[in-house]
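Structural characterization, general
Each chain, letter by letter, is given below.
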Amino acid sequence: MTHTPHTDWLAAAATAAEQQGAGNLLRVVLIVMVLGCVLTAWFLLRGYKRKDD
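Before going into details, it helps to say that this report is about the structure given with it. Everything numeric in this text was worked out from a predicted model, so none of it was measured. (Residues numbered from 1 in each chain as written. Predicted model: local features only at pLDDT ≥ 70, side-chain atom pairs only at ≥ 80, totals over all residues. Heavy atoms only, no water.)

1. Points about the overall build of the protein chain
Put simply, the rule reads: Counting from the N terminus, the helices are DSSP H or I runs at least four residues long and the strands are E runs at least two residues long. Remark: exposure states derive from per-residue accessible area (1.4 Å probe, protein chains only) relative to the maximum for the residue type, with buried under 20%, exposed over 50%, and partly exposed in between. Methods summary: accessible areas were calculated by the Shrake-Rupley approach with a probe of 1.4 Å, and residue burial reflects only the protein chains presented.
Of regular secondary structure, the protein chain possesses two helices and zero strands. When the 53 residues of the protein chain are sorted by exposure, 0% land in the buried category. When the accessible area of the protein chain is evaluated, it comes to approximately 5,500 Å², of which 67% is carbon and sulfur surface.

Structure, rendered in structure tokens:
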């Protein structure tokens, strides 16, 4: 096992971060999915507050 200096490790991490392509897209898709689930749950559950006496 060889020792890698911190500067080389940080440089490798920076270049690897630039090569990742779908990270932002996946983040946006997950946020939209969660917001959609919350809005759907709110829309479906709001009818239970009404009392039809």
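2. A closer look at the packing of aromatic side chains
Here the distance between the centres and the angle between the planes together describe a pair of aromatic rings. Short version of the rule: Ring geometry is summarised as follows: Phe, Tyr and Trp rings, the Trp one being its six-membered ring, pair when their centres sit within 6.5 Å, and such pairs are stacked at plane angles under 30 degrees, edge-to-face over 60 and tilted between the two. Think of it as a cone above the ring: NZ of Lys or CZ of Arg counts as a charge over the ring if it is within 6 Å of the ring centre and within 35 degrees of the ring normal.
On inspection of all chains with the given rule, the structure shows zero aromatic pairs. In this structure, Arg46 packs its charged tip against the face of Trp42, placed 5.4 Å from the ring centre.

3. With respect to helix α2 (residues 23–45)
Stated formally: Take the residue count of a helix, subtract one, and multiply by 1.5 Å to get its expected span.
Compared with an ideal rise of 1.5 Å per residue, which puts 23 residues at 33 Å, α2 spans 33 Å between its outermost C-alpha atoms and is within 8% of the ideal. Counting buried residues in α2 gives zero out of 23 residues, a small share hidden from the surface.

4. Section: a nonpolar patch on the surface
Convention followed: To count toward a patch, a residue needs a relative accessible area over 30% and no salt bridge; like charges are then connected within 9 Å, while nonpolar side chains (Val, Leu, Ile, Met, Phe, Trp, Tyr) are connected within 5 Å. The salt bridge definition used is simple: a Lys or Arg side-chain nitrogen within 4 Å of an Asp or Glu carboxyl oxygen.
On the surface, a nonpolar cluster with roughly 790 Å² of combined accessible area is contributed by Leu39, Trp42, Phe43, Leu44, Leu45 and Tyr48. Within the element layout of this structure, Tyr48 appears in the segment after α2. Exposure remark for Tyr48: the relative accessible area of 69% places this residue in the exposed category.

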